[in-house]
Protein chains: 2
Amino acid sequence: MARDIQERIKRLIIDGRLPSGASLPTEPELMELLGVSRNSVREALKALQAMGIVEIRHGFGTYVGPMSMAPMIEGLTFRTVAGHYRGEDSLLQLLELREAVETGLIARLAGRVPEADLAELDGIVARMRTEAAAGGVRAETDRAFHATLHRGLENLLLSEVLEAFWDAFHRVRTDLVAAHADPETTVRQHEEILAAVRDGDGPRAERAVRDHFDNIRHRLRSSGER
Amino acid sequence: MARDIQERIKRLIIDGRLPSGASLPTEPELMELLGVSRNSVREALKALQAMGIVEIRHGFGTYVGPMSMAPMIEGLTFRTVAGHYRGEDSLLQLLELREAVETGLIARLAGRVPEADLAELDGIVARMRTEAAAGGVRAETDRAFHATLHRGLENLLLSEVLEAFWDAFHRVRTDLVAAHADPETTVRQHEEILAAVRDGDGPRAERAVRDHFDNIRHRLRSSGER
DNA sequence: TAGCTCAGTTGGTTAGAGCAGCTGACTCTT
DNA sequence: AAGAGTCAGCTGCTCTAACCAACTGAGCTA
């Protein structure tokens, strides 16, 4: 069965302790190794590719994938878009998910972010201010702020999951919702979060993050849907 | 290109506002509709299946998938197992992720869980106590506790993500780590969480959840790895 | 020596045939 | 007439075989 083929390829990776980027057998080799046709091999690889477990490069070979959260972004985005079109508040649910994780983490981060990261965050907020004056904060800048902030947790999985949530949210929002936040407010809220974290004031940081999300949520609700 | 086929099938679902369970065109129909060979159609469907976007039933047809977080569990599990075998602390990172989300949510839950759910939680804890006396708490019981607790958030996405994390964690733990928690302590900690939530005491609930995770983490560390 | 070309390897796509699981209508029995 | 068993048909599943397209690297040319 197809399921079985996928499992066996996974075992190749696990048992071989293969790191990301290691090369896997070619399709003909897998055919012989697993005793199935090329077609079945390819379908299994396609499924594994969709899960980020393998990476396929045309004309080059098949490799162990980065095992990032990228496939999750894809799935989350689709789920959210589909739900949105069916009249569910899927985008709000996604925002709530982000809020839950980020507020849960900020207290732990307060006062524990390395000086180097704080300096970088200063730079990002400064850039944000410039962009706000020029019309609007670029999404990439907001993303950088959150990514840099969470780097201090030294938990790659956590960082990636948060980035995945951020990504899915922004992808859906830009696709479906017209309104953007007031740039000035956005900048001020990020400044407040940064200041609170720097001071090591957990409760204040938590409040700041919550305010930030309240702001986004409010805009989302008031802007209506297209 | 294969990517393109996937996108077009997704559009069929989105543009058609198709709900989960709706039937999709058959493979021959998709061939004609998209102008590609059967093989390409199948590979695209396999990838979409891996993402939970479609569901394929042999001899019956292809349907819009449940869009659950099940594929994420798969991916997370594999990532964690692979990382573990390569000597990373991936299982601890996964636990930390769960802890972050659950501690972030518990304060919001305190005092807001419906009476019906509280009653159900009482039942689950009682069952836990019985099982603890009989040797050990079943994983399913622990899962039910957390699932019921988070039901009160009325955010399906959130519930599913948490369940996905729980699932991945337990699957990896039972596969890789021998030691199990002291049943008595486990029961007591769940009782404390429930009591704090019932009293609406946010900080106490947060402390209780943190203690619970500390306990799991401690066992994980001390038990060593196989 | 530097650059180009081309052959070989690898994945991508197509085609056609037959296998396997499920449904629903038909038929036979009671 | 009602029920159970059967079978034709649809569905997805697997295989074989051939050719296309992208990339690499060795060999040739200038």
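Residues numbered from 1 in each chain as written. Chains lettered and ligands numbered in written order. Predicted model: local features only at pLDDT ≥ 70, side-chain atom pairs only at ≥ 80, totals over all residues. Heavy atoms only, no water.

Student: Is there a simple way to explain the overall build of chain A in this structure?
Tutor: The number of helices and strands found in chain A is 10 helices and 2 strands. When the helices and strands of chain A are placed in sequence order, the string is α-α-α-β-β-α-α-α-α-α-α-α. With the C-alpha coordinates of chain A rotated into their principal frame, the extents come out at 60 × 45 × 30 Å. Accessible surface, chain A as shown: approximately 10100 Å² in total, 50% of it carbon and sulfur. Averaging the locations of the 30 positively and 36 negatively charged side chains of chain A gives two centres separated by 3 Å. (Helix = DSSP H or I, 4+ residues; strand = E, 2+ residues; numbered from the N terminus. Areas by Shrake-Rupley, 256 points an atom, 1.4 Å probe, with all protein chains shown as cover. Lys, Arg positive; Asp, Glu negative; His and termini not counted. Charge placed at Lys NZ, Arg CZ, Asp CG, Glu CD.)

Student: Sorry if this is basic, but what is going on with the domain arrangement of chain A here?
Tutor: Interface size, as often reported, equals the accessible area lost upon joining of the parts. In terms of domains, chain A is made up of domain 1 (2–64) and domain 2 (70–223). Computed from C-alpha coordinates alone, the two centres of domain 1 of chain A and domain 2 of chain A are separated by 36 Å. (Domains from an automatic or database assignment.)

Student: What's the story with the pairing of strand 2 (residues 61–64) of chain A in this structure? I'm lost.
Tutor: Regular strands have side chains that alternate between both faces of the sheet. Residue and element names in this part refer to chain A. Sheet topology note: the strand 1 (residues 54–57)/strand 2 ladder contains 4 bridges and is antiparallel. Residue R57 lies in a different strand from strand 2, and its bridge partner there is G61. Remark: 3 residues form the turn of the hairpin made by strand 1 and strand 2, two consecutive strands paired antiparallel; G59 in that turn has positive phi of roughly 75°. (Pairing = 2+ DSSP bridges.)

Student: I would appreciate a short explanation of the protein's contact with DNA strand C in the present structure.
Tutor: In the vicinity of DNA strand C there are 22 residues, among which E27(A), R38(A), R42(A), N39(B) and S40(B) approach most closely. Atoms of DNA strand C within 4 Å of the protein: sugar and phosphate make up 60%, bases the balance. R38(A) has a polar side-chain atom sitting 2.7 Å from a base nitrogen of DNA strand C. Within the side chain of S40(B), an N or O atom sits 2.5 Å from a phosphate oxygen of DNA strand C. Put simply, the parts of the chain that give the surface near DNA strand C at least two residues each are helix 2 (27–34), helix 3 (38–50), strand 1 and strand 2 of chain A together with helix 3 (38–50) of chain B. Among the elements that line the surface near DNA strand C, the one with the most residues is helix 3 of chain A, at 3 residues. Within the surface near DNA strand C, the residues separate by chemical class into 7 nonpolar, 11 polar and 4 charged. (Near = heavy atom within 4 Å. Polar contact = N/O pair within 3.5 Å; in protein donor to acceptor, adjacent residues only side chain to side chain. Nonpolar A, V, L, I, M, F, W, Y, C, P; charged D, E, K, R; others polar.)

Student: Can you walk me through the interface of chain B and chain A in this structure?
Tutor: Taken together, the 51 residues of chain B in the interface contact 49 residues of chain A. Taken together, the links from chain B to chain A amount to 10 salt bridges. Where R3(B) meets E74(A), a salt bridge forms, and the shortest distance between an N and an O atom there is 3.3 Å. Linking chain B to chain A there are 17 residue pairs in polar contact (both at pLDDT 80 or more). The leading source of residues in the side of chain B that touches chain A is helix 5 (residues 90–109) of chain B, at 11 residues. (Contact = heavy atoms within 4.5 Å. Salt bridge = Lys/Arg side-chain N within 4 Å of Asp/Glu carboxyl O.)

Student: I tried to follow the relation of the copies chain B and chain A on my own but got confused; where do I start?
Tutor: Superposition of the two copies of the chain requires a rotation about an axis and a shift along the axis. Take chain B, turn it by 180°, move it 0.0 Å along the axis, and it overlays chain A with an RMSD of 0.0 Å. As the rotation angle and translation indicate, the two copies are arranged about a two-fold axis. Closest approach to the rotation axis among the C-alpha atoms of chain B is made by G104(B), whose C-alpha sits 1.8 Å away. Interface residue correspondence from chain B to chain A reaches 96%, placing this contact among same-surface, isologous pairings. (Least-squares fit on C-alpha atoms with pLDDT ≥ 70 in both.)

Student: How should I be thinking about the protein's contact with DNA strand D in this particular structure?
Tutor: Neighbouring residues of DNA strand D: 22 residues in total, closest N39(A), S40(A), R38(B), R42(B) and G59(B). By atom count, sugar and phosphate contribute 64% of the portion of DNA strand D lying within 4 Å of the protein. Between DNA strand D and A2(A) there is a distance of 3.2 Å, counted from a phosphate oxygen to a backbone nitrogen or oxygen. R38(B) places a side-chain nitrogen or oxygen 2.9 Å from a base nitrogen of DNA strand D. When contributions to the surface near DNA strand D are tallied by element, the ones reaching two or more residues are helix 3 of chain A together with helix 2 (27–34), helix 3, strand 1 (54–57) and strand 2 (61–64) of chain B. Split into classes, the residues belonging to the surface near DNA strand D amount to 7 nonpolar, 10 polar and 5 charged.

Student: Sorry, what's going on with the packing of aromatic side chains here?
Tutor: Two numbers describe a pair of aromatic rings. These are the distance of the centres and the angle of the planes. Scanning all chains against the criterion turns up 2 aromatic pairs over all chains. Where F60(B) meets Y63(B), the ring centres are 5.5 Å apart and the plane angle is 35°; that geometry is what we call tilted. Since its relative accessible area comes to 11%, Y63(B) is described here as buried. Over the face of the ring belonging to Y63(A) we find R57(A), whose NZ or CZ atom lies 4.6 Å from the ring centre. (Phe/Tyr/Trp six-rings, centres within 6.5 Å; stacked < 30°, edge-to-face > 60°. Buried < 20%, exposed > 50% of the residue type's maximum accessible area, 1.4 Å probe, protein only. Lys NZ or Arg CZ within 6 Å of the ring centre and 35° of its normal.)

Student: Would you take a moment to explain the environment of E27(A) for this structure?
Tutor: Residues and elements named next belong to chain A. Structurally, E27 is set in helix 2. On the basis of relative accessible area, E27 is assigned to the buried category, the value being 13%. Separated by 163 residues in sequence, E27 and H190 place their C-alpha atoms 50 Å apart. Non-local contacts of E27, meaning those with residues more than four positions away in its chain, are made with R38, V41, R42 and L45.

Student: What am I meant to see in empty space enclosed by the protein here?
Tutor: A probe as big as a water molecule, rolled over the atoms, marks out the empty space that is left. Under the counting rule described, the total for this entry stands at 6 cavities of 30 Å³ or more. Of the voids in this model, the largest cavity is the one considered here, and its volume is about 290 Å³. In terms of lining, the largest cavity is formed by 23 residues, of which the most central are P71(A), M72(A), A50(B), P71(B) and M72(B). Taken together, the elements giving at least two residues each to the lining of the largest cavity come down to helix 4 (70–85) of chain A together with helix 4 (70–85) of chain B. Along the lines of polarity and charge, the residues of the lining of the largest cavity split into 16 nonpolar, 5 polar and 2 charged. (1 Å grid on protein atoms, 1.4 Å probe; cavity = no way out; pocket = protein on both sides within 12 Å on 5 of 7 lines; lining within 4 Å. Points joined across faces, edges and corners; volume = space filled by probe spheres on them.)

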